[in-house]
Amino acid sequence: MHFNQQTAIAFLGMGLMGSRMASRLLHAGFSVAVWNRTESACVPLIEQGATALQLENLAHYPIIFTCLSDDAAVAAVFTQIEPYLVKDQIIVDFSSLSVQQTLDLSQLAQQQHVHWIDSPVSGGTLGAENGTLVIFAGGDAQLIQDLSIFYDVLAQRVTRMGDNGTGQATKICNQLIVAANSTLIAEAVALAAHAGVDTQLLAPALAGGFADSKPFQILAPRMATQVFEPVQWKVKTLSKDLNNAVILAESFALDIPVAKHALSQLQDHQTEGYADADLATFIQHVERHT
């Protein structure tokens, strides 16, 4: 399929990531119509030049981007839009979902002769703002190639991982590492503080070494200074993703004990009132339970 800057885009989901991705597409000159279950979230994008999407007009948009919070949200929104879908539309789902939910939704889309590309992203809000996300795509290889005009605005790299579901499986593996690592980063910062280390020096000191990573460079300074705004990663989001990893592993009878322990810790932190807080607040969980 051939797409250009005049191709109309419907973008559903104006959360932390979706709003930033939609903004980049607008600033790159694309025509974007935005929709969110809470309409007020669309206002900043409309002020940037987006139009307000009416779901009953969805047939006018050959490309539908979705970036929603979890399995339930994507399933609910798909139910809303299903009556308005038309043949040969493409749904590109940037959400992070379970593999099974993605397979189920892609099959429902195929029944409508609609193409589904699971396209979860990694790189956080900064990556979304700067267009430096990495994307793991699952679905038709030619379609993924044809979508590069949009992907190039959003990401530094797109890798087709295989058929539908493999993009989400890859994201789940990515999040397993990020989420479990975040709990270790908090423990390291807390241990350093108890040992008399100036924890604000940890990130620059370890930069480039074997312990370094993007999550470390983002989380360690925030944990050291106890500055948790603006929110970059929500605790509940990483908890959800890690739970998807545990569920996927269980479906293959694969034991992943480190991930299970990290999940238990994140869930405890979430239930203590930090569900919508930044992931860096996990340092407070470590400190509370010492």
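Here is a short report on the structure shown in this document. Worth saying up front: this structure is predicted, and the values here are computed from it rather than measured. Residue numbering note: each chain is counted from 1, following its sequence as written. Thresholds applied to this predicted model are a pLDDT of at least 70 for local features of residues and 80 or more for the giving and counting of side-chain atom pairs; totals over whole chains, interfaces and linings are not thresholded and use all residues. Values reported for side chains reflect all heavy atoms of the structure, with hydrogen atoms and water molecules removed beforehand.

## Remarks on the layout of surface pockets
Counted as a void, the largest pocket has a volume near 1200 Å³. If you trace the largest pocket, you find 46 residues lining it, with Met17, Lys171, Gln232, Trp233 and Thr237 closest to the centre. Secondary structure elements follow DSSP: runs of H or I no shorter than four residues count as helices, runs of E no shorter than two count as strands, and numbering proceeds from the N terminus. Here the lining of the largest pocket gets 6 residues from one element, more than from any other, and that element is helix H8 (residues 166-194). Split into classes, the residues belonging to the lining of the largest pocket amount to 15 nonpolar, 22 polar and 9 charged. Space inside and on the surface of the protein is sampled on a 1 Å grid over the protein atoms alone, with a cavity defined as a set of points where a 1.4 Å probe fits but cannot get out and a pocket as an open set with protein on both sides within 12 Å along at least 5 of 7 lines; lining residues have an atom within 4 Å of a point. Grid points are joined across faces, edges and corners, and a volume is the space filled by probe spheres set on the points. Its boundaries defined by the atoms lining it, the second largest pocket holds a volume of some 170 Å³. Taken together, Val34, Trp35, Asn36, Arg37, Glu39, Cys42, Ile46, Ala52, Leu53 and Gln54 make up the lining of the second largest pocket. Three classes are used, and their members are as follows: Ala, Val, Leu, Ile, Met, Phe, Trp, Tyr, Cys and Pro are nonpolar, Asp, Glu, Lys and Arg are charged, and the others, Gly among them, are polar.

## Things to note about the side chain of asparagine 244
In this structure, asparagine 244 sits in helix H11 (residues 235-251). The rule is simple: take the accessible area with a 1.4 Å probe, protein chains only, and divide by the maximum for that residue type; under 20% is buried, over 50% is exposed, in between is partly exposed. For asparagine 244, a relative accessible area of 9% puts it in the buried group. Only heavy atoms matter for contacts: two residues are in contact if any of them lie within 4.5 Å across the pair. Discounting residues that sit within four places of it in the chain, asparagine 244 has contacts with Ser96, Leu97, Ser98 and Ile172.

## Describing the packing of H8 against helix H12 (residues 257-274)
Closest axis-to-axis distance for the H8/H12 pair is 9 Å, and the angle between their directions is 65 degrees. With respect to H12, the axis of H8 lies roughly perpendicular. Like other packed secondary-structure pairs, H8 and H12 cross with a definite hand, here left-handed. Counted together, Leu176, Ala179, Ala180, Thr183 and Glu187 of H8 and Ala259, Ala262, Gln265 and Leu266 of H12 form the full contact between these two elements. A fitted line through C-alpha atoms serves as each axis, taken over the contacting stretch for helices, and the angle formed by two N-to-C directions is quoted from 0 to 180°. When an angle is under 35 degrees it counts as roughly parallel; over 145 it counts as roughly antiparallel; between 65 and 115 it counts as roughly perpendicular; any other value is oblique. A crossing counts as left-handed when the near helix is turned anticlockwise from the far one by less than a right angle, and as right-handed when that turn is clockwise.

## Here's the deal with helix H1 (residues 16-27)
Relative to the 16 Å expected for 12 residues at 1.5 Å per residue, H1 spans 17 Å between its end C-alpha atoms, a close match to the ideal helical length. Along H1, the residues classified as buried are Met17, Gly18, Ser19, Met21, Ala22, Ser23, Leu25 and Leu26. One or two residues past the end of H1 sits glycine 29, with phi positive at roughly 100 degrees. For a helix, the expected span equals 1.5 Å multiplied by the residue count minus one.

## So, the packing of aromatic side chains
When two rings of Phe, Tyr or Trp (its six-membered ring) have centres within 6.5 Å they constitute a pair, described as stacked for plane angles under 30 degrees, edge-to-face for angles over 60, and tilted for the intermediate range. With the rule as written, the count across this model stands at 7 aromatic pairs. A centroid spacing of 5.7 Å and a plane angle of 50 degrees characterise the contact between phenylalanine 3 and phenylalanine 150, whose relative ring orientation is tilted. Of the two residues, phenylalanine 3 sits in the segment before strand E1 (9-12) while phenylalanine 150 sits in helix H7 (residues 148-154), which places them 147 residues apart along the sequence. A relative accessible area of 9% places phenylalanine 3 in the buried class. Between phenylalanine 78 and tryptophan 116 the ring centres are 6.2 Å apart and the planes differ by 65 degrees, which places this aromatic pair in the edge-to-face class. In this pair, phenylalanine 78 sits in helix H3 (residues 71-81) while tryptophan 116 sits in strand E6 (residues 115-118), placing the two residues 38 residues apart along the sequence.

## A short note on helix H10 (residues 214-225)
Along its 12 residues, H10 runs 18 Å from first to last C-alpha, staying within 8% of the 16 Å computed at 1.5 Å per residue. Listed as buried for H10 are Pro215, Phe216, Leu219, Ala220, Arg222, Met223 and Ala224. Looking at the buried side of H10, the elements it contacts are H8, helix H9 (202-206) and helix H13 (282-288). For the purposes of these results, a polar contact is taken to be a pair of N or O atoms within 3.5 Å, where, inside protein, one atom must be able to donate a hydrogen and its partner to accept one; residues adjacent in sequence count only when each atom of the pair is a side-chain atom. Capping the start of H10 is the job of one residue whose side-chain oxygen sits 3.1 Å from the backbone nitrogen of phenylalanine 216: serine 213. Two residues or fewer after H10 comes glutamine 226, characterised by a positive phi angle close to 60 degrees.

## Some details on the environment of histidine 194
With respect to the helices and strands, the residue histidine 194 is situated in helix H8. Given a relative accessible area of 67%, histidine 194 falls into the exposed group. Taking C-alpha positions, histidine 194 is 22 Å from alanine 262, a pair spaced 68 residues apart along the chain.

## Focus on the pattern of salt bridges
We define a salt bridge as a contact between a side-chain nitrogen of Lys or Arg and a carboxyl oxygen of Asp or Glu at a distance within 4 Å. Taken as a whole and judged by the stated rule, the model has 8 salt bridges. We note a salt bridge from arginine 222 to aspartate 278, for which the minimum N-O separation is 2.9 Å. Here aspartate 278 lies in the loop between H12 and H13 and arginine 222 lies in helix H10, a separation of 56 residues in the sequence. You can call aspartate 278 buried: its relative accessible area is 2%. Lysine 236 is paired through a salt bridge with aspartate 276; the nearest N and O atoms lie 2.8 Å apart. Taken as a pair, lysine 236 in helix H11 and aspartate 276 in the loop between H12 and H13 lie far apart in primary sequence, 40 residues in all.

## Re the side chain of threonine 66
Assignment of secondary structure puts threonine 66 in strand E4 (residues 63-66). Threonine 66 gets classed as buried once you look at its relative accessible area, which sits at 4%. Among the polar contacts made by the side chain of threonine 66, one reaches the side chain of aspartate 93 at a distance of 2.7 Å. Once you skip the residues sitting within four places of it in the chain, threonine 66 turns out to touch Leu12, Ile91, Val92, Asp93, Phe94 and Ser95.

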